[in-house]
Amino acid sequence: MMLDMARAATTADAFNAVAEPRRRQILDVLAGGERPVNDLVHALGMAQPQVSKHLRVLREVGAVHVRDEGRQRLYRLNGHALKPIHDWVKDYERTWSERFEQLDAVLEDLKQKEQGDGSGK
């Protein structure tokens, strides 16, 4: 039962699914376009069963879509499923931007004071 709880937590939503670094790597590769499993195996240097396991988790949360083309299964990124992560980070981005702007103003003040002190001596 505990194993089922751990698995459920991993696949419950996009946040948990992308917490695993290898899954983020898969998403990074798929951001470049649709790819078959063998391309992902080659690009990531992982064994095919590992890649398939991570793809299954990403599929379960909707972060990737799969389609069959002949004997190949092609995977592509579904950015819409990652929107909750984007929305959450966006609030922090605003805070970071404001802080960086404040830091820029402080640095500019220090630079002007330093230039002013240096020219008078």
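Residues numbered from 1 in each chain as written. Predicted model: local features only at pLDDT ≥ 70, side-chain atom pairs only at ≥ 80, totals over all residues. Heavy atoms only, no water.

S.K.: Tell me what's going on with the packing of aromatic side chains, and back it up with residues and numbers.
M.R.: With the rule as written, the count across this model stands at 3 aromatic pairs. With a centroid separation of 5.9 Å and 85° between ring planes, the pair formed by Phe15 and Trp88 is classed as edge-to-face. Taken as a pair, Phe15 in helix α2 (residues 14-17) and Trp88 in helix α6 (residues 83-119) lie far apart in primary sequence, 73 residues in all. Looking at Trp88, the relative accessible area reads 47%, which means it is partly exposed. With 5.1 Å between their ring centres and 65° between their planes, Trp88 and Tyr92 make a pair best called edge-to-face. (Phe/Tyr/Trp six-rings, centres within 6.5 Å; stacked < 30°, edge-to-face > 60°. Helix = DSSP H or I, 4+ residues; strand = E, 2+ residues; numbered from the N terminus. Buried < 20%, exposed > 50% of the residue type's maximum accessible area, 1.4 Å probe, protein only.)

S.K.: Give a description of helix α3 (residues 21-30) that names residues and reports values.
M.R.: Every buried residue of α3 is listed here: Arg23, Ile26, Leu27, Val29 and Leu30. Looking straight down α3, one finds its buried side chains confined to an arc of 160°; they lie on one side. Among the residues of α3, the N-terminal cap falls to Glu20, whose side-chain oxygen and the backbone nitrogen of Arg22 are separated by 2.7 Å. (Arc of directions from axis to C-beta. Polar contact = N/O pair within 3.5 Å; in protein donor to acceptor, adjacent residues only side chain to side chain.)

S.K.: Run through the confidence of the model for the protein, naming residues and quoting values.
M.R.: In this model, the protein carries an average pLDDT of 86, and 87% of its residues clear a pLDDT of 70 or more. Ignoring residues within four places in sequence, the model shows residues 1-9, a span with pLDDT below 50, making 3 contacts including any to other chains. (pLDDT = per-residue confidence, 0-100. Contact = heavy atoms within 4.5 Å.)

S.K.: Got a sec to walk through the environment of Ala12? Specific residues and values, please.
M.R.: Locating Ala12 in the fold gives a position in the loop between α1 (2-11) and α2. Note on Ala12: relative accessible area 57%, which makes it exposed. Spatially, the C-alpha atoms of Ala12 and Val61 are 6.9 Å apart, while their sequence positions differ by 49 residues.

S.K.: Talk me through the sheet that holds strand β3 (residues 72-77); I want residue IDs and the actual numbers.
M.R.: Within a beta sheet, neighbouring strands are joined by backbone hydrogen bonds and run either parallel or antiparallel to one another. Taking strand neighbours across the sheet as the criterion, the 3 strands line up as β1-β3-β2 in an open arrangement whose pairing is antiparallel. This sheet does not close on itself; its edge strands, each paired only once, are β1 (35-36) and β2 (64-69). The sheet strands contacting helix α5 (residues 48-60) are β2 and β3, and the helix crosses β2 at an angle near 115°. (Pairing = 2+ DSSP bridges. Axes fitted to C-alpha atoms, helices over the stretch in contact; angles between N-to-C directions.)

S.K.: Quick one: what's the story with the packing of α3 against α5, residue by residue and with numbers?
M.R.: With their axes 10 Å apart at the nearest point, α3 and α5 run at an angle of 80° to one another. The angle between α3 and α5 places the two elements in the roughly perpendicular class. Here Arg22, Arg23, Ile26, Leu27 and Leu30 of α3 come into contact with α5, specifically with Val51, His54, Leu55, Val57 and Leu58. (Parallel < 35°, antiparallel > 145°, perpendicular 65-115°, else oblique.)

S.K.: Explain the side chain of Asn78 residue by residue, including any values.
M.R.: You can see Asn78 is positioned in the loop between β3 and α6. A relative accessible area of 16% means that Asn78 is categorised as buried. Beyond its immediate sequence surroundings of up to four residues, Asn78 is in contact with Gly62, Ala63, Val64 and His65.

S.K.: Account for helix α4 (residues 37-44), naming residues and giving values.
M.R.: Where α4 is concerned, the buried positions are Val37, Leu40, Val41 and Leu44. For α4, the angular spread of buried residues about the axis comes to 100°, placing them on one side. Away from the buried face of α4 by more than 90 degrees, exposed residues Asn38 and His42 are located. Where α4 is buried, its residues contact α3, β1, α5 and β3. A positive backbone phi angle near 65° is found at Gly45, which sits one or two residues after α4.

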